[in-house]
Amino acid sequence: MVHIRAGRERPGLLRQHLTAVRAAATVADADVEGGEVGSATIVFRPRTVRPGEYSFSIGTAGSCTLVLQTVLPPLLTATEPSLIRISGGTHNKAAPPVEFLGRTFLPLINRMGPTVVLRVERVGFYPRGGGTIEVQIIPTPRLRPITLLERGERRAHYAECFLAGIAKHVADRELAVIARRLSWSEDQLKIRGLSSEVGPGNTLSLTLEYEHLTEVFTGFGEPGRPAESVAEAAAREVREYLAHSSPVGPHLADQLLLPLALGGLTAFRTCAPTPHFESNCEVIAAFTGKRPRAQCDGDGYLVRPSGSS
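Residues numbered from 1 in each chain as written. Predicted model: local features only at pLDDT ≥ 70, side-chain atom pairs only at ≥ 80, totals over all residues. Heavy atoms only, no water.

Trainee: Break down the overall build of the chain for me, with residues and values.
Mentor: The number of helices and strands found in the chain is seven helices and 14 strands. Expected size for 309 residues packed as a compact globule is a radius of gyration near 19 Å; at 19 Å, the chain falls within 12% of this value. Projected onto its principal axes, the C-alpha coordinates of the chain cover approximately 55 × 45 × 35 Å. The buried share of the chain, taken over its 309 residues, is 48%. Long-range contacts, defined here as pairs at least 24 residues apart, represent 68% of the contacts in the chain between residues at least 6 apart. Put simply, the chain shows about 14,600 Å² of open surface, and 51% of that area lies on carbon and sulfur atoms. Across the chain, 34 positive and 31 negative side-chain charges occur, with their mean positions spaced 2 Å apart. (Helix = DSSP H or I, 4+ residues; strand = E, 2+ residues; numbered from the N terminus. Rg over C-alpha atoms; globule rule 2.2 N^0.38 Å. Buried < 20%, exposed > 50% of the residue type's maximum accessible area, 1.4 Å probe, protein only. Contact = heavy atoms within 4.5 Å. Areas by Shrake-Rupley, 256 points an atom, 1.4 Å probe, with all protein chains shown as cover. Lys, Arg positive; Asp, Glu negative; His and termini not counted. Charge placed at Lys NZ, Arg CZ, Asp CG, Glu CD.)

What follows is the structure in structure tokens.
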């Protein structure tokens, strides 16, 4: 792989990406060249998948969930179960938080045949980190393909403001914006106070549960950013999702491309593809020779594996 993260402000491998590379090398018994912070080129030579019990430490607030999603695909169809512990950040901007993983992504993976159970031992916010997740993976011989074409009936929707070492008025202000922008009632607005020892940290999680899937949208508090801005951005994502009928939101669409390529999905409907979605398609095509196809389908896009009709 060359030109890794070339378009980012800090190109090349950061600590979380390096941990993901090393974790993949451990699970795949691989030789790696270029495995260092800042490297824009790596050579990765895998041998065979080795299920087992592993612990990986990022050493910073880098995303635990991104490291997990690196090693998860080969372990889903391994010969034996695995137990993975990862320490680092559990709530990071520009990475899927643990609520998304536990409520949105992993339930869909489990419908494909394996059993993946996520447990959050300790929350870790950026920039402090210190979080830990534990994931048990019971594999399946092969993924069972599913389709995601409709949301189905909406069963619940709610907002959760997570606070650690942050004043309560921040949660009150964020939830007031959600009540105003989304017309959600007081009983759908929840404050989740966490120990100040894991702070400071603040995220706003908006969950929409449907018959066929659950979507989670998250706003991340940052120093100097008003609480209202955090909530407005999260509410905007929900409103954009509700403006079309496709079940799969833009972030989940990115996450489902690899299971699609591995045979875990036959098709899913999503909103207009993002540049990140297109980049993922190109990477998958480079490694597999098959590029997922997205075709306009009413007010959304139908995504299928290459060569399907």
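Trainee: Which residues make up the pairing of strand E4 (residues 82-88), and what values do they have?
Mentor: Side chains of E4 alternate between two faces, with Ser82, Ile84, Ile86 and Gly88 buried and Leu83, Arg85 and Ser87 left unburied. Of the strand pairs in this sheet, strand E3 (residues 53-57) and E4 are connected by five bridges, and their pairing is parallel. What sits directly across from Phe56, in E4, is Ile86. As a crossover connection, the stretch from E3 through helix H2 (residues 64-76) into E4 is right-handed. Examined bridge by bridge, E4 and strand E6 (residues 131-138) share seven bridges and lie antiparallel to one another. Following the sheet pairing, Ile86 is matched in E6 by Ile133. (Pairing = 2+ DSSP bridges. Right-handed = clockwise from strand over helix to strand, strands pointing away.)

Trainee: Before we move on, could you go through unusual backbone geometry and cite the residues and values that matter?
Mentor: With omega at 10°, the peptide bond leading from Tyr126 into Pro127 counts as cis. You can see Pro127 is positioned in the loop between strand E5 (115-122) and E6. That bond from Gly199 to Pro200 is cis: its omega, 0°, falls within 30 degrees of zero. Tracing the backbone through its elements, the reader meets Pro200 in the loop between strand E9 (189-194) and strand E10 (201-210). A positive phi angle, close to 55°, is found at His3, a residue other than glycine. Within the fold, His3 resides in the segment before helix H1 (15-28). Residue classification places His3 among the exposed positions, given a relative accessible area of 62%. A positive phi is found at Ser183, a non-glycine position, where the angle reads about 60°. Its location among the elements puts Ser183 in the loop between helix H4 (168-182) and E9. The exposure class of Ser183 is exposed, given its relative accessible area of 64%.

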